Amino acid sequence: MLTTVLAALTALEFVFIFWLETIMTDSEKTAKTFGMDVSVLKDPNMNVSMKNQGVYNLGIAVLILVALFAKQKAMLLCLMGYIVFVAAYGSATVNRSILLKQGGLAILTIISALF
């Protein structure tokens, strides 16, 4: 039960990221969340890139929900591992806090699923 709740929260987090990146692309909230200036987010190239990245995040959320409803623990663990990997990369290349901000729920989901 705990694993299901944590995984669902992780999916919700990725839907939120999708919303920020794809729907609210050049908003103050998106700028604050990602530590960027709104003027940068309004640049047409950046705007399209953010929207594209948002769609990928929505895809991850959908796959997490598929894994949950299909009761595919291995698939769920692979997705959570991928999320932690990407968060670790972001932590190493952009900002250390990304590991816990983006990967925290996924880490907890992995721990819960394994125990």
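Scope of this entry: the structure provided in the associated data block. (Residues numbered from 1 in each chain as written. Predicted model: local features only at pLDDT ≥ 70, side-chain atom pairs only at ≥ 80, totals over all residues. Heavy atoms only, no water.)

Turning our attention to the nonpolar core. By size, the foremost hydrophobic cluster in this structure holds 16 residues, and its most contacted members are A7, F14, I64, L76, M80 and I83. Put simply, the parts of the chain that give this core at least two residues each are α1 (2-23), α4 (44-69), α5 (73-93) and α6 (98-114). Not counting chain neighbours up to four residues away, the residues in contact with M80 comprise A7, T10, I64, A106, T109 and I110. (Core = buried A, V, L, I, M, F, W, Y, C linked by side-chain atoms within 4.5 Å. Buried < 20%, exposed > 50% of the residue type's maximum accessible area, 1.4 Å probe, protein only. Helix = DSSP H or I, 4+ residues; strand = E, 2+ residues; numbered from the N terminus. Contact = heavy atoms within 4.5 Å.)

The next thing to look at is α6. Along its 17 residues, α6 runs 23 Å from first to last C-alpha, staying within 8% of the 24 Å computed at 1.5 Å per residue. The largest bend in α6 amounts to roughly 60° and is located at G104. Residues of α6 that are buried include every one of I98, G103, G104, A106, T109, I110, S112 and A113, and no others. (Expected span 1.5 Å × (residues − 1). Bend = angle between axes of the 7 residues up to and from the residue.)

Secondary-structure assignment places T109 in helix α6. Taking the relative accessible area as the measure of exposure, T109 reaches 1% and is therefore buried. At 2.8 Å, the side chain of T109 forms a polar contact with the backbone oxygen of L105. Setting aside chain neighbours within four positions, we find T109 in contact with T3, L6, A7, T10, L76 and M80. (Polar contact = N/O pair within 3.5 Å; in protein donor to acceptor, adjacent residues only side chain to side chain.)

Residue position: S91 is located in helix α5. Accessibility expressed as a relative area gives 15% for S91, which makes it buried. From its side chain, S91 meets the backbone oxygen of R96 in a polar contact 3.0 Å long. For S91, the contacting residues outside a window of four places in its chain are R96, I98 and L99.

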